[in-house]
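The residues making up each chain are set out below.
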Amino acid sequence: MNYQELWRRLAQVYDEGEAKAIARMVYEVRFNLTLSDLFIGKDTQLSANDQAELAEITQRLEQQEPVQYVLGQADFCGRTFLVNQHVLIPRPETEELCRWIISEFRDESLEFRDCSILDIGTGSGCIAITLAADLPKAEVTAWDISGEALQVARENAKRLHFNVIFELADALNTPLDHERWDVIVSNPPYICNKERARIEANVLDHEPHTALFVPDDSPLLFYSAIAQYGLTALKTGGRLYFEINPLYAQELAEMLSMMSYHDIEIKNDTYGKQRMIRARR
């Protein structure tokens, strides 16, 4: 099988542009072949073992398993993270959340002072590790309820050589901390069960549902719990940052205001969707 044959097979389940992008990613990541290599036909020179591996990869991709899981890695903020079915695949909108936090600290010259950051629901560790990398004076802690996810996050921190403290913890059952954190950040589960019909099969069938979905009657379940924790655990003037469901952006802002948070700002992602929010204690 060559590159042309691979993307044409994938075009049976993905649109043509995405099929080509996935095929290029497979050849680059697994077989170290660049786009230039593909143009001069090096994809036809794979060994028998590589062809067998390519056939197995193709079968998994045809079943709409995300290419990041098939290859075991995903890019995020210029770094490569290990991923598997125990963690969400890092998304571009989460990169935007990290960049917002980093830019606010740099704009205010806060990167040079010690600050304590907590990432709740860390998954692959992409948020926590990115903040540890780009705010080197910060002390970063990351929680997750999944031991399997924490194994992935710890391995990512080790491979990328950044220090993050990882702890097994439940966002819905937080400790009684007092003025412990300067920043609490979270990309919690925020998709209601009733929204499942609009979720693509490669997400619905493969990514961890506990990291995706909340009950229809409680769309702000995790936001409420984390914000309640922040009322005592954040230092005075400390900040909450969330990735959010655009459907509930205004409702979340009103809830935070009623809880006496201030300086609340909703920020759009590059597609114009209300995807992030920041509030101060």
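The coordinates are above.
Below: a short report on this structure.

Conventions used here
Each chain carries its own residue numbering, running from 1 in the written order of its sequence. Predicted model: local features are reported for residues with pLDDT of at least 70 only, side-chain atom pairs are reported and counted for 80 or more only, and whole-chain, interface and lining totals are derived from all residues. Note that the side-chain values use all heavy atoms of the structure and ignore hydrogens as well as water. Only protein chains enter the calculation, and the probe is 1.4 Å; a residue is then buried if its accessible area is under 20% of its type maximum, exposed if over 50%, and partly exposed in between. Put simply, DSSP H or I for four residues or longer makes a helix, DSSP E for two residues or longer makes a strand, and each gets a number counted from the N terminus. DSSP bridges decide pairing: two strands pair if at least two such bridges lie between them. Axis geometry follows a simple rule: fit a line to the C-alpha atoms, using only the stretch in contact for helices, then measure angles between N-to-C directions, giving values from 0 to 180 degrees. Should any heavy atoms of two residues lie within 4.5 Å, those residues are counted as being in contact.

### Looking at unusual backbone geometry
Next, step 1: Even without a glycine there, the phi angle at Asn32 is positive, about 55 degrees.
Next, step 2: Using a relative accessible area of 62% as the deciding quantity, one classes Asn32 as exposed.
Next, step 3: Within the chain, His161 stands out as a residue other than glycine whose phi angle is a positive 65 degrees.
Next, step 4: Mapped onto the secondary structure, His161 falls in the loop between helix 8 (147-160) and strand 5 (165-168).

### Brief notes about the sheet that holds strand 3 (residues 115-120)
Pairing between the strands of a sheet is mediated by backbone hydrogen bonds and can be parallel or antiparallel.
Next, step 1: Overall, mixed pairing links the seven strands, which are arranged 5-4-3-6-9-11-10 in an open sheet. In this open sheet, the two edge strands, each paired with only one partner strand, are strand 5 and strand 10 (262-268). Each strand axis lies, on average, 15 degrees off the axis of its neighbour in the sheet, ignoring direction.
Next, step 2: Pairing of strand 9 (residues 234-243) with strand 11 (residues 274-280), which is carried by five bridges, proceeds in the antiparallel orientation. Pairing of Phe242 across the sheet is with Ile277, part of strand 11.
Next, step 3: Against the sheet, helix 8 contacts strand 4 (138-144) and strand 5, and its axis sits at roughly 175 degrees relative to strand 5.

### What about the pairing of strand 6 (residues 181-186)?
Next, step 1: Counted residue by residue, strand 6 has six buried out of six residues, so it is predominantly covered.
Next, step 2: Sheet analysis places strand 3 next to strand 6, joined by four bridges and oriented parallel. Within the sheet, the bridge partner assigned to Leu118 lies in strand 6 and is Ile184.
Next, step 3: Note: strand 6 against strand 9, five bridges, orientation parallel.

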